[in-house]
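# Understanding the architecture of this molecule
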Amino acid sequence: MSTDRFKAVIFDIGGVVMRSPFIAIAQYEKEHGIPNNYLNCSIVARGSQGAWQKFERGELELFPFYEAFSQDLSDTVNGNAWYTAYCKRRGIKCPNLPERLNVDGRELFGAMMRTSKVYDPHIREAIRRIRVAGKHKIIALTNNYSQTQATPIPASELAFLGWDDGATPKELRELFDYFYDSSALGTRKPENKFYLIACERSGILPHEAVFLDDIGINLKAAKALGMETIHVPIGRTLAAVKELERKINLDLTSDAAKL
């Protein structure tokens, strides 16, 4: 494979550039006696009309989102069916499932946002080195929430979420040449439209980009459009950056032990 065919590197934010919000979901499940990955299954299985998906497209404001998110995740009728199917697909024994849940959407979302405020040092250093080399456009493609609020969010709520500098702080945006936010564009991963808008506005074709994300369905959609993809599992960012440096032929990981 020719490494000079790539003109851009596209990064997901939560779970790649920043620490994964899924860590907070797993902790919430553990604290409330909910089976592992149960809430993730419910979020994904809701499809395009779930509260989470609407919020990321900018169709719900924050406080209505809290209520709808709580209702979605407290629905054990659908949640149990989706989780049973998930266990079957994974070939794992299905645990005892909850008869009822009372998930606090605000509590959970707040924990997710506060958890994901920490930069991953290996990814951040890789972005710095790519910028210094000057050979590739650096693009963010994120399912995000920054454009969902028509009215100001109270300062106390911003503090609760860890959003004192906003959902996407200036410091974060300045890491990138282009920053594409699902809530601003009204489309989200894994919808093809989101990827194609990003490519068109950045002046590249899909096959000219390497895309890093932590979610398989997002990577699958990108790959179908022709992008080179790299999966970034929780705790494996250094391995992902090593894969990236091979693809774009840049040193991104020397002295990584010092980070």
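In this report, the structure presented in the accompanying data block is examined.

Thresholds, definitions, all that
- Residues numbered from 1 in each chain as written.
- Predicted model: local features only at pLDDT ≥ 70, side-chain atom pairs only at ≥ 80, totals over all residues.
- Heavy atoms only, no water.
- Pairing = 2+ DSSP bridges.
- Helix = DSSP H or I, 4+ residues; strand = E, 2+ residues; numbered from the N terminus.
- Axes fitted to C-alpha atoms, helices over the stretch in contact; angles between N-to-C directions.
- Contact = heavy atoms within 4.5 Å.
- Buried < 20%, exposed > 50% of the residue type's maximum accessible area, 1.4 Å probe, protein only.
- Core = buried A, V, L, I, M, F, W, Y, C linked by side-chain atoms within 4.5 Å.
- Arc of directions from axis to C-beta.
- Phe/Tyr/Trp six-rings, centres within 6.5 Å; stacked < 30°, edge-to-face > 60°.
- Lys NZ or Arg CZ within 6 Å of the ring centre and 35° of its normal.
- Salt bridge = Lys/Arg side-chain N within 4 Å of Asp/Glu carboxyl O.

## Here we look at the sheet that holds strand β1 (residues 8–11)
The strand order across the open sheet built from five strands is β3-β2-β1-β4-β5, with neighbouring strands paired in parallel fashion. Edge positions in the sheet fall to β3 (178–181) and β5 (228–231), since each of these pairs with one other strand and no more. In this sheet, neighbouring strand axes are inclined to one another by 20 degrees on average, regardless of whether the strands run parallel or antiparallel. Relative to β5, strand β4 (residues 209–213) is paired through four bridges, and the arrangement is parallel. Pairing of Val 210 across the sheet is with Glu 228, part of β5. Contacts between helix α7 (residues 121–133) and the sheet are confined to β1 and β2 (137–142), with β1 contributing the most and set at about 155 degrees to the helix.

## Remarks on the environment of Pro 95
Along the chain, the position of Pro 95 falls in the loop between α5 (76–90) and α6 (105–115). A residue is classified by how much of its surface remains accessible, and Pro 95, at 34% relative accessible area, is partly exposed. Pro 95 sits 61 residues away from Ile 34 along the chain, and the two C-alpha atoms are 9.8 Å apart. Look past the residues within four positions of Pro 95 in its chain and what remains in contact with it is Pro 35, Tyr 83 and Cys 87.

## What to know about the nonpolar core
Within the largest apolar cluster, 31 residues are counted, with the highest numbers of intra-cluster contacts made by Leu 39, Trp 52, Phe 65, Phe 69, Leu 108 and Phe 109. Broken down by secondary-structure element, the contributors of at least two residues to this core are α1 (22–31), α2 (38–45), α3 (51–56), α4 (62–74), α5 and α6. Of all the elements, α4 adds the most residues to this core, at six residues. In contact with Phe 65, other than residues within four places in its own chain, are Ala 51, Trp 52, Phe 55, Leu 60 and Phe 109. Phe 6, Ile 13, Ala 140 and Ile 230 belong to the second largest nonpolar core, which has 28 residues in total.

## As for α2
Most of α2 is tucked away: six of the eight residues are buried. Looking at α2, one finds that the buried residues are Tyr 38, Leu 39, Asn 40, Cys 41, Ser 42 and Ile 43. If you follow the buried residues of α2, they end up packed against α1, α3, α4, α5 and α6. Positive backbone phi, approximately 75 degrees, marks Gly 47, located one or two places after α2.

## Some words on the environment of Thr 115
With respect to the helices, strands and loops of the structure, Thr 115 is situated in helix α6. In this structure the C-alpha to C-alpha distance between Thr 115 and Ala 24, which are 91 residues apart in sequence, comes to 6.4 Å. Setting aside residues up to four positions removed in sequence, Thr 115 forms contacts with Arg 19, Ser 20, Ile 23 and Ala 24.

## Let's talk about α1
In an α-helix, one turn spans 3.6 residues, which is why side chains three or four residues apart end up on the same side. Taken residue by residue, α1 has Ala 24, Ile 25, Tyr 28 and Glu 29 as its buried positions. Down the axis of α1, the buried side of the element spans an arc of 140 degrees, and every buried residue falls inside it. Summarising the geometry of α1, the exposed residues directed more than 90 degrees from the buried face are Lys 30 and Glu 31. On the buried face of α1, the contacting elements are α2 and α6. Once α1 finishes, Gly 33 follows within two positions and takes phi at roughly 65 degrees, a positive value.

## Here we look at the packing of aromatic side chains
Applying the stated criterion across every chain yields a total of 21 aromatic pairs. On the basis of an interplanar angle of 10 degrees and a centroid distance of 4.0 Å, the ring pair of Phe 55 and Phe 65 is categorised as stacked. Of the two residues, Phe 55 is situated in helix α3 and Phe 65 in helix α4; the sequence distance between them amounts to ten residues. There is no split in this pair, since Phe 55 and Phe 65 are both buried. The interplanar angle of 5 degrees and the centroid separation of 6.2 Å between the aromatic rings of Tyr 178 and Tyr 180 together place this pair among those described as stacked. Ring-pair connections join several aromatic residues into one group, and the members of that group are Trp 52, Phe 55, Phe 63, Phe 65, Tyr 66, Phe 69, Phe 109, Tyr 145 and Trp 163. The lysine or arginine in question, Arg 124, covers the ring of Tyr 119, its NZ or CZ lying 3.9 Å from the ring centre.

## Re unusual backbone geometry
Omega for the peptide link from Lys 189 to Pro 190 comes to 10 degrees, which places this bond in the cis form. With respect to the element layout, Pro 190 can be found in the loop between α10 (182–185) and α11 (192–202).

## Re the pattern of salt bridges
Per the counting criterion, the structure on display carries 19 salt bridges. Between Asp 75 and Arg 46 there is a salt bridge, and its shortest N-O distance comes to 2.5 Å. One end of the pair, Asp 75, is in the loop between α4 and α5; the other, Arg 46, is in the loop between α2 and α3, with 29 residues separating them in the sequence. The class of Asp 75 is buried, set by a relative accessible area of 17%. Of the charged contacts, one joins Lys 170 and Glu 174 as a salt bridge, the two residues approaching to 3.8 Å between their closest N and O atoms. This pair shows no difference in class: Lys 170 is exposed, exactly as Glu 174 is. Here the residues in one salt-bridge network are Arg 5, Glu 228, Glu 243 and Lys 247, joined through shared partners.

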